[in-house]
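# Inside the fold
As a plain string of letters, each chain reads:
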Amino acid sequence: LNQVVRTEAVRACGLYKYDSPQLRLKLEELLTTDGPGLENLRISDAISLLRMTSWQHTKAHVAVYKMLHNEQALKSRIVALSTVGKELPELISDGYLAYLLHISPPGSSLLESAVRCCSGRRSTILLPQLVEKISDLSLQNLVVNALLTYEDTTVLVLAKTSIENAVSQIIEQASSHM
């Protein structure tokens, strides 16, 4: 419980953009805190520092991107992706999300977090990967929610192409078995 309260207090510092030398010093100290179970605290701390400094805190940017791209610490990566996706989605590029959608194993928490981050975006580079993931029953609702944020015609054109390709493959397979 103490860790949750601390994390929420740190997050509140950024939400209200209250900046004082003592507070900034404490947040900068927390930024370098490392250890298991501190992922939420560290990412919330980095986000608060970015908000307080009008996106000018270099060490906070580095901390966020280290956590997002750390392939050796999957939990840290997922926590960072989920938190940044909710709090500051503009820090995650559509290209990075397309990459995560492509490399994340089916059923993984990383894939689920990446799909969640796709909601509210409108970049068409994400559409093929999202449509591909719709057959995963565990992700269907998340994928549909993400697709609903796009223009209907854009999604329908892609869906039509996907359906035509699937039908062609079925016909091809059927004719090769005859």
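Now for a look at the structure at hand.

## Overview of the pattern of salt bridges
Counted under the stated rule, the structure contains eight salt bridges. Residues Lys-75 and Glu-39 are paired through a salt bridge, measuring 3.8 Å at the closest nitrogen-oxygen approach. A residue pair is termed long-range when its members are at least 10 positions apart, and Lys-75 in helix α5 (residues 74-87) and Glu-39 in helix α3 (residues 39-52) qualify at 36 residues. Lys-160 is paired through a salt bridge with Glu-164; the nearest N and O atoms lie 3.2 Å apart. You can see Lys-160 and its partner Glu-164 sitting in helix α10 (residues 152-176), four residues apart, about one turn around the helix.

## Structural notes on α5
Along its 14 residues, α5 runs 20 Å from first to last C-alpha, staying within 8% of the 20 Å computed at 1.5 Å per residue. Of all the residues in α5, the buried ones are Ser-76, Arg-77, Ile-78, Val-79, Ala-80, Leu-81, Thr-83 and Val-84. Where the residues of α5 are buried, they touch α1 (2-15), α3, α4 (58-69), α6 (94-103) and α7 (109-118).

## Focus: the environment of Leu-74
Mapped onto the elements of the fold, Leu-74 is located in helix α5. Along the backbone, Leu-74 and Ser-109 are 35 residues apart, and their C-alpha atoms lie at a distance of 9.1 Å.

## Concerning the packing of helix α2 (residues 21-31) against α3
For the pair α2 and α3, interaxial distance at closest approach is 9 Å and the crossing angle is 140 degrees. Judged by the inter-axis angle, α2 sits oblique to α3. The two elements α2 and α3 meet at a crossing, and its hand is left-handed. Residues Leu-23, Arg-24, Leu-27, Glu-28, Leu-30 and Leu-31 of α2 touch α3, and the partners they reach there are Leu-41, Arg-42, Asp-45, Ala-46, Ser-48, Leu-49 and Met-52. Looking at the contact of α2 with α3 residue by residue, the class counts come to eight nonpolar, one polar and four charged.

## So, the side chain of Ser-123
Tracing the backbone through its elements, the reader meets Ser-123 in the loop between α7 and α8 (127-133). Overall, Ser-123 belongs to the buried group, its relative accessible area being 17%. What Ser-123 contacts, discounting residues up to four positions off in sequence, is Asp-94 and Tyr-150.

## So, unusual backbone geometry
A positive phi angle, near 50 degrees, is found at Ser-54, a position not held by glycine. Relative to the assigned elements, Ser-54 resides in the loop between α3 and α4. Positive phi is not limited to glycine here, since Trp-55 has a value of about 70 degrees. As for its position among the elements, Trp-55 is in the loop between α3 and α4. Residue classification places Trp-55 among the partly exposed residues on the basis of a relative accessible area of 39%.

Thresholds, definitions, all that
- Residue numbers here run from 1 along each chain, matching the order of that chain's written sequence.
- The model is predicted, so local features are restricted to residues of pLDDT at least 70 and side-chain atom pairs to those at 80 or more, both for listing and for counting; the totals for chains, interfaces and linings are taken over all residues.
- Processing note: side-chain calculations cover all non-hydrogen atoms of the structure and skip hydrogens and water entirely.
- The rule for a salt bridge is simple: a side-chain nitrogen of Lys or Arg has to be within 4 Å of a carboxyl oxygen of Asp or Glu.
- Helix numbers and strand numbers start at the N terminus; a helix is a DSSP run of H or I with at least 4 residues, a strand a run of E with at least 2.
- Expected span of a helix, by definition, is 1.5 Å for each gap between consecutive residues, and there is one gap fewer than residues.
- Remark: exposure states derive from per-residue accessible area (1.4 Å probe, protein chains only) relative to the maximum for the residue type, with buried under 20%, exposed over 50%, and partly exposed in between.
- Pairs of residues are marked as contacts when any of their non-hydrogen atoms sit within 4.5 Å.
- Interaxial angle, 0 to 180 degrees, is taken between N-to-C directions of lines fitted to C-alpha atoms, where a helix line uses only the stretch in contact.
- Roughly parallel refers to an angle under 35 degrees, roughly antiparallel to one over 145, roughly perpendicular to one between 65 and 115, and oblique to any angle outside these ranges.
- Throughout, a crossing is termed right-handed when the near helix is turned clockwise from the far one, and left-handed when it is turned anticlockwise from it by less than a right angle.
- In this count, Pro and Cys sit with the nonpolar residues alongside Ala, Val, Leu, Ile, Met, Phe, Trp and Tyr, while Asp, Glu, Lys and Arg are called charged and the others, Gly among them, polar.

Read these as geometric descriptors, not functional statements.
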